[in-house]
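Structure at a glance
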Amino acid sequence: MALVAHIDSGKTTLTESILLKSSYLTTRGTVDTGSTTTDFLPAERERGITIQSASIPVKWKNWTFNLIDTPGHADFGMEVESASRVVDGAVVLIDSVEGVEAQTKGVWRQLDRYGVATRIMFLNKLDRPGASFCASLASLLSHRLHPRPMALVLPIASFDPQHYAQAEPGIQGLVDLVKWEVWKWDEQGTASRHPLPRDDEAFSSLDIISASHPILPLLIPARTQLLENLSMFSEELMEELLSLPSSPTAYLNVDSSNVIRHLRQATIKNEILPVLGGSAMKNIGTDLVMDYVGELLASPLDVAHDPQGPNSPVRLLAWKVAWDKKRGWMTFVRVYSGKLTRHSVVFNTIRNQRERVSKLLLLYASEAEEVDELAFGSVGVILGLKYTRTGDTLVSTGGPASARTVLREITPPAPVIAASIVPQSHSDLEPVQEALEALARTDPSVRVDVQEGQILVHGMGALHLEIVEGRLRDEWNARFEVGRRRVSYREGLGPGAPDPNSHIWQTDAGGKQVEISVTLDIRPLDHAKKGDPIWDGNVVLDENGHPFPAPDTMAGTPQSYIAHGISSALSNSPNSSLAMSHLHIQLKQFSIPPGVAASMLTGATAVIMRNRIRDAGIGPIMEPYVHLKISVTEDSLGKVVKDLTEHGGEVLDLSTGSTIEADGTEEIGGYPDEGVYIPPSILSPSGGAGSPGSSGALRLRRSVHALAPLSKMLDYSNRLRALSGGHGVFETTNAGFREVSDARKLEILKEIGRA
Ligand SMILES: Nc1nc2c(ncn2[C@@H]2O[C@H](COP(=O)(O)OP(=O)(O)OP(=O)(O)O)[C@@H](O)[C@H]2O)c(=O)[nH]1
Ligand SMILES: [Mg+2]
């Protein structure tokens, strides 16, 4: 199970709370004092943000969860990518002052991409002034996150009804609508549970909730709605409800274990999104999160994996590789089949290598426990592997061929920014190159290449490069200087027509002239279409019109050699030396004379494609854009907006920006609220009636949402500090590549030395 969310929504804080509640910790740490279990890197503790995901097995009641705390900053999206690949479920958090944010949608799409169907939403920070349970719930619909969010709890801001009239913020309790009980937390954070009555009479004289409390009249309708909405997904429940007498309290007697069974089925099929809430910082709601994770999320047995028997062959996915000074290479794996034992030998199907397992560890954040075996479903670490990289599949040697199929690989997101690395002296060159290679192995979203004798490191954003630089120095003791940062541009296909003979390549093979032909239909991708992230924003199809998987995953076939050739030609345009993007490429046919090695297809395809791209002439240039959310005081708003416009930015929406997607496209409107219970806003006294983000603590501040070229925003923290007298804060998320104007194209070609 992974915790995923927008930056700062409280994932690490919730992790710490879970570790405390499950008795793994006796005292909790906080992000603010740099003392949490899972943010253990010095850079994480200094900055108070998560940079790498940390996994930890948690025991709660009869369950064991493998919990993965992920980073929220978009620059570390690779970590969410790999975590999404190996989990069967996720808890997605929302800061309930803000509602759904740009990266909430980002991580949601990542979960979609890897088919993580079962999710629970946790509306966090309900203690903050301006927090609103209802508005946050509604934002799930308006941002089209899920059509059927289902609140399993209602928040109790205070047990004193006066506080509602005075619009006091807070969270003191939760009503569990399923188990029909009230949770109450005292000042020390100790919880007590109070069952609710099953008949109407007793409601007027409850001990736990006073008769004048505004939540009281909502309880029975909320439970009724929950059951009715759920019955849309279960005929059995529908019939049970229909057979009940028509009294208002009849639904109170529906057995809760029965309700949980129906909830679980609907959650596993992703028909509903269960919604919980609380305050991770105050440990409020944590117990309910863990209970419902155990009760509702898929277990490894619920997900279609290989059937398991006592002698099932081993199949693992390496989802992360890390380097540790003491332990050496650490390969994080999830066991998808069989049982892995210490000192065994496994086969890496992608690198075609046998690998010896020296030790097995269960990792508790930075602490490790050595174990003799990793069982089916578990997440652990292998020491001793030499070749394995993130996304590789490992299987038993000697197992049946069917077990050798490759598990779906992990796609690193496209890098958008690069910096040159200059070794301090000649003797530093080799150590720097080794360090870069090792770092790229641990973080596949870092790419290293050499252009005109210069080493370039490409990454996901300015913060990512800063962290990469720090790790090279601290973890590998590399000695180097860093050149100016520049963004990674892309080239699209030029206008020139193809040469009719461009599909043929003649070469010399063993002293004989041979002719290899590869016919590719290459054209620009339609503007409205999105490219495949596996192919850096291009669409690459095989002869049958099916998308090509990444070249590494289909070793040995002629198609795989062609895919390698395509990938090599795309990585470097003969016109601009930039990577190519937004191309639509379909393989039509190919022929290779008998007796010529199929591997020759790689070179042939690369040459044929490069010629085609060269003949087409230089195409449009694209540059990466970012979506910015800037929060400033009213008086500096004008200056900030003016500066954005001067730097090629576009202001999207001055008030909430909430209807604009991270990639700048307008949303088509939210999901209807039909079949969804949204409690009245009175439940969140300090939340006000407005939308999240526009109320409470932020009243004196204004937020600006804008889209701007990343190249002009590299030094934005300094610029904003000057513009806002130090009061401005901002966040960025990647918004994809956009085609630039002719004037800007010339500027870029000059910058990269091509004009
Ligand atoms: N008021 C309040 N603050 C909270 C709560 N949970 C977390 N915070 C604060 O929010 C900030 C961010 O919390 P983190 O746990 O680091 O958030 P995160 O989602 O792990 O952030 P990244 O890993 O950097 O994406 C910290 O200052 C926390 O103290 C909460 O329930 N209430
Ligand atoms: Mg964190």
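Residues numbered from 1 in each chain as written. Chains lettered and ligands numbered in written order. Predicted model: local features only at pLDDT ≥ 70, side-chain atom pairs only at ≥ 80, totals over all residues.

1. Side note on helix 3 (residues 77–86)
Counting buried positions along helix 3 yields 10 of 10 residues, so the element is predominantly enclosed. Structurally, helix 3 contributes buried residues whose contacts are with strand 1 (2–4), strand 3 (63–69), helix 4 (102–113), strand 12 (315–324), strand 13 (328–337) and strand 20 (379–383). (Buried ≥ 20, exposed ≤ 12 C-beta atoms within 10 Å, placed from the backbone. Helix = DSSP H or I, 4+ residues; strand = E, 2+ residues; numbered from the N terminus. Contact = placed C-beta atoms within 7 Å.)

2. A word on the site of ligand 1
Around ligand 1, the structure places 24 residues, and the nearest of them are Gly10, Thr12, Ile49, Thr50 and Gly72. No other element matches helix 1 (residues 11–21), which puts 3 residues into the shell around ligand 1. The class makeup of the residues in the shell around ligand 1 is 7 nonpolar, 11 polar and 6 charged. (Near = placed C-beta within 6 Å. Nonpolar A, V, L, I, M, F, W, Y, C, P; charged D, E, K, R; others polar.)

3. Some points on the pairing of strand 11 (residues 273–277)
Here strand 11 lies mainly inside the structure; 5 of its 5 residues are buried. Covered by surrounding structure in strand 11 are Leu273, Val275 and Gly277 together with Pro274 and Leu276, the residues of both alternating faces. Relative to strand 11, strand 5 (residues 118–124) runs parallel, the two being bridged by 3 bridges. By the bridge assignment, Leu123 is partnered in strand 11 with Gly277. As paired strands, strand 6 (residues 149–151) and strand 11 are joined by 3 bridges and run parallel to one another. For Pro149, the partnering residue across the bridge sits in strand 11 and is Leu273. (Pairing = 2+ DSSP bridges.)

4. Some remarks on the sheet that holds strand 27 (residues 504–509)
If you walk across this open sheet you meet the 4 strands as 27-28-31-29, and the pairing is mixed. Each having just a single partner strand, strand 27 and strand 29 (539–541) make up the two edges of the open sheet. Taken over all neighbouring pairs, the strand axes of this sheet differ in orientation by 25 degrees on average, direction set aside. Where strand 29 lies against strand 31 (residues 583–591), 3 bridges are found, and the strand directions are parallel. Each residue of the ladder has a partner; that of Leu541, found in strand 31, is Gln586. Sheet contacts for helix 13 (residues 558–570): strand 28 (512–524), strand 29 and strand 31; angle to strand 31, the most-contacted strand, approximately 140 degrees. (Axes fitted to C-alpha atoms, helices over the stretch in contact; angles between N-to-C directions.)

5. Some details on the confidence of the model for the protein chain
The predicted coordinates should not be examined in detail at positions where pLDDT is low. Across the protein chain, pLDDT averages 88, with 94% of residues at or above 70. Under a pLDDT of 50 for its full length, residues 656–667 has, in the predicted model, 28 contacts with residues more than four places off or in other chains. In this model residues 689–699 is a low-confidence stretch, pLDDT under 50, and it forms 32 contacts with partners more than four residues away in sequence or in other chains. (pLDDT = per-residue confidence, 0-100.)

6. Considering the sheet that holds strand 17 (residues 359–364)
Here 8 strands make up an open sheet; going across it, the order is 16-15-21-12-13-20-17-18 and the pairing antiparallel. Where the open sheet ends on each side, the last strands, each with one partner, are strand 16 (353–356) and strand 18 (367–371). Strand-to-strand twist across the sheet, computed as the mean angle between neighbouring axes with direction ignored, equals 40 degrees. Where strand 17 meets strand 18, 5 bridges bridge the pair, whose relative direction is antiparallel. Bridged to Leu361 within strand 18 is Glu370.

7. Topic: the packing of helix 13 against helix 14 (residues 600–615)
Running from N to C, helix 13 and helix 14 point in directions that differ by 40 degrees, and their axes come no closer than 7 Å. The orientation of helix 13 with respect to helix 14, classified from their angle, is oblique. The hand of the helix 13/helix 14 crossing is right-handed. Contacts between helix 13 and helix 14 involve Pro558, Tyr561, Ile562, His564, Gly565, Ile566, Ser568 and Ala569 from the first element and Leu601, Thr602, Gly603, Ala604, Thr605, Ala606, Met609, Arg610 and Ile613 from the second. (Parallel < 35°, antiparallel > 145°, perpendicular 65-115°, else oblique. Left-handed = near helix turned anticlockwise from the far one by under 90°.)

8. A few points about the nonpolar core
Judged by nonpolar contacts, the single largest core of 110 residues is most densely connected at Val91 and Val293. When near neighbours in sequence (up to four residues on either side) are disregarded, Val91 contacts Met1, Leu3, Ile120, Phe122, Val289 and Val293. Ranked by size, the runner-up nonpolar core spans 73 residues in total, among them Phe76, Leu465, Leu578 and Ile613. (Core = buried A, V, L, I, M, F, W, Y, C linked by C-beta atoms within 7 Å.)

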